[in-house]
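A look at the structure
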Amino acid sequence: MEVKISKTVIALVFIFLMVGSTIAYSILKSLGLTGQTGYAVKLPEKNIIDYELDIETEKFLLDRGVTIVKLYYVQACPECLRQKSFLESFANQYSNQIILEEILSNKTTSIPNLIISSYRGQRILENATDEEMIDAFCDLMLKPPVGCAVRKI
């Protein structure tokens, strides 16, 4: 005895599976059982901070177009303090786009290490001049300053 399954029955089974999985996902999501941890990202209150953000917070900010600047410096380094002052001024001008992490290092080297990260990439600079830092910002910021348009002319 040969059993013929009609195309209509197969179509109804697939429709039932699709509707059923949608309903099941909705129920699981409302119960918080969809695999997401429910991790709440805690954003810094200011855009200039003296600690490193955790990876999840950095990823959250980078995905939203924020440029994250990490400055590792030593206290007894005049060049580090000059660079820190320049970055603070720049970060204050673009406070809605830049988070500046100022991390006091205990290394004995006096060369400041600067990491600028954004949705567009990352740049690592050592003992950078103001021009090099501005060039990096112009390349990496999602909405670069107006002056960046005329810098290369």
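The following refers to the structure shown. (Residues numbered from 1 in each chain as written. Predicted model: local features only at pLDDT ≥ 70, side-chain atom pairs only at ≥ 80, totals over all residues. Heavy atoms only, no water.)

1. Brief notes about the side chain of Q97
Worth spelling out the cut-off: The helix count covers DSSP runs of H or I at least four residues long, the strand count covers runs of E at least two residues long, and both are numbered beginning at the N terminus. Here's how the labels work: a residue is buried when its accessible area is under 20% of the maximum for its type, exposed when over 50%, partly exposed in between, all with a 1.4 Å probe on protein chains only. Any two residues whose heavy atoms approach within 4.5 Å are treated as being in contact.
Take Q97: it is sitting in the loop between helix 3 (78-93) and strand 3 (98-104). According to the relative accessible area criterion, Q97 is buried, its value standing at 9%. Contacts of Q97, omitting those with residues within four sequence positions, involve G65, V66, T67, M141, L142 and K143.

2. So, unusual backbone geometry
In this structure, N127 is a non-glycine residue whose phi angle is positive, near 55°. Checked against the element boundaries, N127 lands in the loop between strand 5 (121-126) and helix 4 (130-140). Overall, N127 belongs to the partly exposed group, its relative accessible area being 41%.

3. Considerations on the state of the cysteines
In plain terms, the rule: By convention in this document, the label disulfide applies to cysteine sulfur atom pairs within 2.5 Å.
Tallied over the full model, the rule gives two disulfides. Sulfur-sulfur distance for the disulfide between C77 and C80 comes to 2.4 Å. In this structure, the disulfide formed by C77 and C80 twists by about 80° around the S-S bond and is classed as right-handed. Under the relative-accessibility criterion, C80 is labelled buried at 0%. Two residues, C138 and C148, share a disulfide whose sulfurs are 1.9 Å apart. Between C138 and C148, the S-S torsion sits near -75°, and that sign places the bridge as left-handed. Within this pair, whereas C138 is found in helix 4, its partner C148 is found in helix 5 (residues 148-151), the two being separated by ten residues in sequence. Take C138: its relative accessible area is 14%, and that puts it in the buried class. Judged by its relative accessible area of 15%, C148 falls in the buried class.

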